[in-house]
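Notes for the structure review
Chain by chain, the residues run as shown.
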Number of protein chains: 2
Amino acid sequence: MIKVAVDAMGGDNAPSEIVAGAVAAVNKEKTVHVLLVGRRENVERELAKHTYPKDQIQVVHASEVIETEEPPVNAIRKKKDSSIVVGMNLVKSGEADAFVSAGSSGAILVGGQVIVGRLKGVERPPLAPLIPTEKGVSLLIDCGANVDARPSHLVQFARMGSIYMEHVVGIRNPRVAIVNIGAEEEKGNALVKETFPLLKECRDINFVGSIEAREIPHGGADVIVCEAFVGNVILKLYEGVGATLIGMVKQGMMASLRSKIGALLVKPALKQTLKSFDASQYGGAPLLGLKGLVVKTHGNSKSTEVCNSILQCVTFREQKINEKVQESLANATNRSN
Amino acid sequence: MIKVAVDAMGGDNAPSEIVAGAVAAVNKEKTVHVLLVGRRENVERELAKHTYPKDQIQVVHASEVIETEEPPVNAIRKKKDSSIVVGMNLVKSGEADAFVSAGSSGAILVGGQVIVGRLKGVERPPLAPLIPTEKGVSLLIDCGANVDARPSHLVQFARMGSIYMEHVVGIRNPRVAIVNIGAEEEKGNALVKETFPLLKECRDINFVGSIEAREIPHGGADVIVCEAFVGNVILKLYEGVGATLIGMVKQGMMASLRSKIGALLVKPALKQTLKSFDASQYGGAPLLGLKGLVVKTHGNSKSTEVCNSILQCVTFREQKINEKVQESLANATNRSN
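Below, the structure is looked at part by part. Please read all numbers here as calculations on a predicted model, not as lab measurements.

1. Brief notes about the sheet that holds strand β5 (residues 130–133) of chain B
All names here are of chain B. Ordered in space as β5-β6-β9-β7-β8, the 5 strands form an open sheet in which the pairing is mixed. Looking at strand neighbours, the two that pair on one side only are β5 and β8 (206–212), the edges of this open sheet. Neighbour-to-neighbour, the strand axes of the sheet open up by a mean angle of 30°, direction not taken into account. Note: strand β6 (residues 136–141) against strand β9 (residues 223–225), 3 bridges, orientation parallel. The partner of L139 across the bridge, within β9, is V223. The strands that helix α6 (residues 151–169) touches are β5, β6, β7 (175–180) and β9; relative to β6, the one it contacts most, it runs at about 150°. Here helix α8 (residues 228–253) sits on the sheet in contact with β5, β6 and β7, set at roughly 50° to β5.

Next up, the structure:
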């Protein structure tokens, strides 16, 4: 039985979509037990609307909620009875294997490090969302709070990302690349130039060299390594350009009567195609390298993404990702000693 | 009379589209004189296909061509008779006011600094392309070779970018923002945290604070300040996500007979809308802060972009941008002393 704590109060659609996602997950998967963390009364009212195996969902009361605009460090320290702090403490104590939240990114990143804690040997835990590409998805690692990273951090990100893509997403021998401003080895800033030769030496990953940002949406690599500032820019620009273009296409279709008729005919096929450019079917972004697992889902997650994030935790646990990460990092340390 | 040297041999469509662009420019603008730099025989053969005022175009022979894959520093040093080196020397000697090239980015960046040289007081010359947004265009500064920039460089980029947007593109009191991973002042990496208060102190620019990458395509600021690594990632991801999405939309429209008919009806309106998401109508990317002007146009530029790049040089000269840049930087230095 895999136990997943879920932040019932986090995100724009809490608690209704979160509870619906938890119900969908237990209805799909017999081996999962969900601990819904939040205000008991609100959560139970939502639960009453659904049918599900009662022994697979349990409510854990938490009286407070951390809002997205609160300074994270302060929020984690002060709101001891918030759904995020209570949920992460369940992972820390071993009462849950993983924690899923659509709440404050900052609080989740801080709480992951401070409450759940890093695995032995992990220098920094990266946040690693899946981003859509023409060919499927790629793992963008790191988009978290680790700005001004060092080369050794990026090497660990490459190893952890590679294990995740292979065993959770199911990509055999995933291609690992580092984000760069040219394809040649001599290109890049100081961080990339120092990291590149270290990645080349890693015999346990399939390092394919540099990747220019232009190639990311084409699916040029499976694991895209970068430091968090660049990762954050990539993730948010992806969303921004996507939203703008789709908006403009829609607007263009509404321009004349002729195009409006065309839009009606085109709509179903287009919807299907663009659906494949949506990574939420794979679940949320894991914060890797922790003693347990913390998954951050989009703030506007609907039940499907919540459900997929819970199932992703099951795969993560079943595939013993943390054990594999620790083994990989320990082997790397031994080789370099 | 404003004299613009144009690299007739640079880019995928040289010399035909380059020559056609030069012809279009002189037919549009009486005050411009174009010096077409390249293999005389090839250039004259192209010119013979067009009608134009003969006294406004002159061919300057250059026997060599720098290929895009050549290491830039070496190419600039060795190929003294290449179109890029000859063209830049025309600017250096004052025989031309500006140089436009669709050739090797690396060689243009190196040549601009080494041959044309920096304006007094400019620490690093930034490459500043215009990128399309929902509302028009924004200037992304820097996308050049200045990786690992210092805060003082970014402050100069903000000033130069602001002058360019106001006087060349015609945006009054342009909003200047720094690329960041959150809207709050305390967010960011070391470079951004150091630069932010310096920009706040600049009373000669309209600094509006941080911009998250998501807001860039929505037109959240007119001048987007960042160091070159991040700028390069933004520029190339813009192109990549755009190309991928447009490709998927087209593919989706070809999915069924129904959608194919719809596509025919939608096409003209859609084309018109997406055209507004194309910055090439504004010309190429200026390399700012040089004694003269160097403009890099896309490698796949057609005649329209070449023509617009030449006209952009006219505005640049007429508006005395370099004089304004020097005055602005000198004033800033005086204030801080």
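Still to come is the rest of the account.
2. With respect to the interface of chain B and chain A
As a measure of interface size, the accessible area lost when the parts come together is often cited. Each partner contributes to the interface: chain B provides 51 residues, whereas chain A provides 51 residues. With both chains or domains summed, chain B and chain A bury close to 4800 Å², and 77% of this area falls on carbon and sulfur atoms. Linking chain B with chain A are 4 salt bridges. A salt bridge links E212 of chain A to K236 of chain B, with the shortest nitrogen-to-oxygen separation between them at 2.3 Å. Run the count over chain B and chain A and you get 14 residue pairs in polar contact (both at pLDDT 80 or more). Counting residues per element, the ones that place at least two in the side of chain B that touches chain A are β7, α7 (190–201), α8 and α9 (257–275) of chain B. Ranked by residue count, the leading element in the side of chain B that touches chain A is α8 of chain B, at 19 residues. Considering only residue class, the side of chain B that touches chain A consists of 31 nonpolar, 13 polar and 7 charged.

3. Here we look at the pattern of salt bridges
Inspection of every chain in the model, using the stated rule, returns 24 salt bridges over all chains. Of the charged contacts in the structure, one is a salt bridge between R150 of chain B and E123 of chain B, with a shortest N-O distance of 4.0 Å. Separated by 27 residues along the polypeptide, R150 of chain B in the loop between β6 and α6 and E123 of chain B in the loop between α5 (105–116) and β5 bring together distant segments of the chain. Note on E123 of chain B: relative accessible area 30%, which makes it partly exposed. Salt bridges linked by common partners bring D97, R317 and E323 of chain A together as one network.

4. Focus: the nonpolar core
One finds L36 and I216 of chain A together with L36 and I216 of chain B to be the most contacted residues of the largest nonpolar core, which totals 178 residues. Contacts of I216 of chain B, omitting those with residues within four sequence positions, involve L237 of chain A together with I131, T133, V179, I211, I224, I234 and Y238 of chain B.

5. Some points on the relation of the copies chain B and chain A
Aligned on chain A, chain B shows an RMSD of 0.0 Å; the corresponding rotation is 180° and the shift along the axis is 0.0 Å. What the rotation and shift describe, once combined, is the action of a two-fold rotation axis. Considering only C-alpha atoms, the part of chain B nearest the rotation axis is G262 of chain B, at 1.9 Å. Here 100% of the contact residues of chain B are again contact residues in chain A; the copies associate through an equivalent surface.

Definitions and cut-offs
- Residues numbered from 1 in each chain as written.
- Chains lettered and ligands numbered in written order.
- Predicted model: local features only at pLDDT ≥ 70, side-chain atom pairs only at ≥ 80, totals over all residues.
- Heavy atoms only, no water.
- Pairing = 2+ DSSP bridges.
- Helix = DSSP H or I, 4+ residues; strand = E, 2+ residues; numbered from the N terminus.
- Axes fitted to C-alpha atoms, helices over the stretch in contact; angles between N-to-C directions.
- Contact = heavy atoms within 4.5 Å.
- Buried area = accessible area lost by both parts, 1.4 Å probe.
- Salt bridge = Lys/Arg side-chain N within 4 Å of Asp/Glu carboxyl O.
- Polar contact = N/O pair within 3.5 Å; in protein donor to acceptor, adjacent residues only side chain to side chain.
- Nonpolar A, V, L, I, M, F, W, Y, C, P; charged D, E, K, R; others polar.
- Buried < 20%, exposed > 50% of the residue type's maximum accessible area, 1.4 Å probe, protein only.
- Core = buried A, V, L, I, M, F, W, Y, C linked by side-chain atoms within 4.5 Å.
- Least-squares fit on C-alpha atoms with pLDDT ≥ 70 in both.

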